[in-house]
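Chain by chain, the residues run as shown.
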Amino acid sequence: MSDYNFNLGNIIPYDIKAKYLPVRAMTANLSSWGNVAIIGCNPVKTESSGDFFDIVENNTTEYFVFPQYYSLYNTLVNKVLSMETWMPDQSSYYTIKGLVFGKQKYVHIVYELN
């Protein structure tokens, strides 16, 4: 069984959050897409007293997939290590429900991979 199963035929409507905390950086070779970065991010919840986020992967973690050669990969690896939040370009991704390590997750795939 593959660690990742993404099918662009299953694009769903989804509002990508304004801010995330990257919590895991991975790379993979996904056959037709080549070498990609897969970044696990937890949505940041904002309340009157400030921002809240989970610092480990869990059931709310969403994944962003883009070519590994993007400079964004190194930027997000640094954010994982420094626990800094990230604001994705919300208009740059398709969203699907895909499998990540056997669990169904929201997966945001950069348009270039289509």
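Please read these numbers as outputs of a predicted model, since none were measured by experiment. (Residues numbered from 1 in each chain as written. Predicted model: local features only at pLDDT ≥ 70, side-chain atom pairs only at ≥ 80, totals over all residues. Heavy atoms only, no water.)

Chemist: Residue-level account of the pattern of salt bridges, with values.
Modeler: Counted according to the given criterion, the structure contains five salt bridges. As a salt-bridge pair, Lys-45 and Asp-54 come within 3.7 Å of each other at their nearest N and O atoms. Lys-45 sits in the partly exposed class, given a relative accessible area of 39%. Using a relative accessible area of 28% as the deciding quantity, one classes Asp-54 as partly exposed. (Salt bridge = Lys/Arg side-chain N within 4 Å of Asp/Glu carboxyl O. Buried < 20%, exposed > 50% of the residue type's maximum accessible area, 1.4 Å probe, protein only.)

Chemist: Describe the environment of Pro-88, naming the residues involved and giving the relevant values.
Modeler: On the secondary structure map, Pro-88 appears in the loop between α1 (71-82) and β7 (93-100). Taking C-alpha positions, Pro-88 is 13 Å from Tyr-111, a pair spaced 23 residues apart along the chain. Non-local contacts of Pro-88, meaning those with residues more than four positions away in its chain, are made with Ile-16, Lys-17, Ala-18, Tyr-20, Phe-64 and Tyr-93. (Helix = DSSP H or I, 4+ residues; strand = E, 2+ residues; numbered from the N terminus. Contact = heavy atoms within 4.5 Å.)

Chemist: Explain the pairing of strand β6 (residues 62-67) residue by residue, including any values.
Modeler: Burial analysis of β6 places six of its six residues in the buried class, which makes it a mostly covered element. Sheet topology places strand β3 (residues 34-43) next to β6; six bridges connect them, and they run antiparallel. Across the sheet, residue Cys-41 finds its bridge partner in β6, namely Glu-62. As judged from the three bridges shared by β6 and strand β8 (residues 103-110), these two strands associate in the parallel manner. Looking at the pairing, Phe-64 lines up with His-108 of β8. (Pairing = 2+ DSSP bridges.)

Chemist: Lay out the pairing of β3 with the relevant residues and their values.
Modeler: Burial analysis of β3 places nine of its ten residues in the buried class, the great majority of the element. Where strand β2 (residues 20-30) lies against β3, ten bridges are found, and the strand directions are antiparallel. Considered in β3, the bridge of Asn-29 is made with Asn-35. Remark: three residues form the turn of the hairpin made by β2 and β3, two consecutive strands paired antiparallel; Ser-31 in that turn has positive phi of roughly 25 degrees.

Just distances and angles here, no functional claims.
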